[in-house]
Amino acid sequence: MCTLEKRGDIFHLTLTGDDEHRFHPDTITSVLSLLEQAKSQSTKGSVLITTGHGKFFSNGFDLAWAQSAGHGAIERMHQMVKSFKPVLAALLDLPMPTIAALNGHAAASGLMFALSHDYVFMRKDRGVLYMSEVDIGLPVPDYFSALVVAKVGSGIARRELLLSGKKLKGEDAVALGIVDSAAHDSAEGVVEATVSLGQSLAAKKWNGEVYASIRRSLYPELCRMLELTANNLATHNL
């Protein structure tokens, strides 16, 4: 499902297996637990890199699981939307730089998971970004929209991401300012590039709580949506 490994200063969070890495409630619980583990073990100079195995980084929520409930499908969707919010909050609150190394496609909540990192790297040979909600007739959760507004600076880029149903390749995503880099020919190449960045960030030995505090201050509306309230923030600054 997913693993966390610490090599030197860098935590490696990996979505394992060759499936689509969809966010089932069990997956959400597992990812959140590993992020909490990384937080508890963080020191000055810690960095998180998140990647996956196979063709997909993550293809979003487990819609098949929701639909298998028949008339209970909407309730299951609401369950996943609600339980996923703390995952994005944990990334925004993590006391270290975070980097997403996209090994393949990132769609819907999988793309939101990626954008919750400080840096996003893609491959140039494979993988698209895709917000499928407009195509399949599902509303976008309010905190997803807040994340896009916070992380994607251009109104045109937001439109292309949320209102066009386009599958954006790496070069297009870089041009729109959605990701930082798409110059890598393989999953291994993406990870190598992010490890290089991670090592340079780790060498700065920043205070992680200060780093997280500055990050949160950049996205006040998103933090409000994710329920990272003033009380939460005050706790970190004591």
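As shown above, the structure is provided for reference.
Thresholds, definitions, all that
- Residues numbered from 1 in each chain as written.
- Predicted model: local features only at pLDDT ≥ 70, side-chain atom pairs only at ≥ 80, totals over all residues.
- Heavy atoms only, no water.
- Helix = DSSP H or I, 4+ residues; strand = E, 2+ residues; numbered from the N terminus.
- Rg over C-alpha atoms; globule rule 2.2 N^0.38 Å.
- Buried < 20%, exposed > 50% of the residue type's maximum accessible area, 1.4 Å probe, protein only.
- Contact = heavy atoms within 4.5 Å.
- Areas by Shrake-Rupley, 256 points an atom, 1.4 Å probe, with all protein chains shown as cover.
- Lys, Arg positive; Asp, Glu negative; His and termini not counted.
- Charge placed at Lys NZ, Arg CZ, Asp CG, Glu CD.
- Pairing = 2+ DSSP bridges.
- Core = buried A, V, L, I, M, F, W, Y, C linked by side-chain atoms within 4.5 Å.
- Expected span 1.5 Å × (residues − 1).

### Comments concerning the overall build of the chain
- Each helix and strand in the chain was counted, giving 12 helices and 10 strands.
- Computed over its C-alpha atoms, the radius of gyration of the chain comes to 17 Å, within 12% of the 18 Å expected for a compact globule of 238 residues.
- The principal-axis extent of the C-alpha atoms belonging to the chain is close to 50 × 45 × 35 Å.
- Considering the chain as a whole, with its 238 residues, one finds that 54% of them fall into the buried category.
- Across the chain, the fraction of contacts at a sequence separation of at least 24, relative to all contacts at a separation of at least 6, is 75%.
- Approximately 10900 Å² of the chain is accessible, and the part contributed by carbon and sulfur atoms is 53%.
- Of the side-chain charges in the chain, 23 are positive and 25 negative, and the distance between the mean point of each set is 4 Å.

### Here's the deal with the sheet that holds strand 4 (residues 56-58)
- Pairing within the open sheet is mixed, and its 4 strands lie in the order 4-6-8-9. The sheet is open, and its two borders are formed by strand 4 and strand 9 (168-169), each paired with just one other strand.
- Here 2 bridges tie strand 8 (residues 128-130) to strand 9, and the two strands are oriented antiparallel to one another. From the neighbouring strand, L129 faces strand 9, where its bridge partner is L168.

### With respect to the nonpolar core
- Judged by nonpolar contacts, the single largest core of 60 residues is most densely connected at F84, F113, L129 and I178.
- Looking at this core element by element, the count peaks at 9 residues for helix 3 (residues 73-93).
- Sequence-distant contacts of L129, defined by excluding residues within four places in its chain, comprise L102, A106, L111, M122, K166, K167, L168, A173, I178 and V179.
- Counting residues in hydrophobic clusters, the runner-up holds 12 residues, among them I49, I99, V190 and L197.

### What about the environment of L63?
- Among the structural elements, L63 can be located in helix 2 (residues 63-67).
- The class for L63 is partly exposed, based on a relative accessible area of 22%.
- Placed 13 residues apart in sequence, L63 and R76 show a C-alpha to C-alpha distance of 9.0 Å.
- When neighbours within four sequence positions are excluded, L63 is seen to be in contact with R22, M77, I136 and L138.

### A closer look at helix 1 (residues 25-40)
- The end-to-end C-alpha distance of helix 1, which contains 16 residues, comes to 23 Å, matching closely the 22 Å that a straight helix rising 1.5 Å per residue would cover.
- Taken together, the buried positions of helix 1 are P25, T27, I28, S30, V31, L32, L34, L35 and A38.
- Among the structural elements, strand 1 (2-7), strand 2 (10-15), strand 3 (47-52), helix 2, helix 3 and helix 4 (109-115) are those in contact with the buried residues of helix 1.

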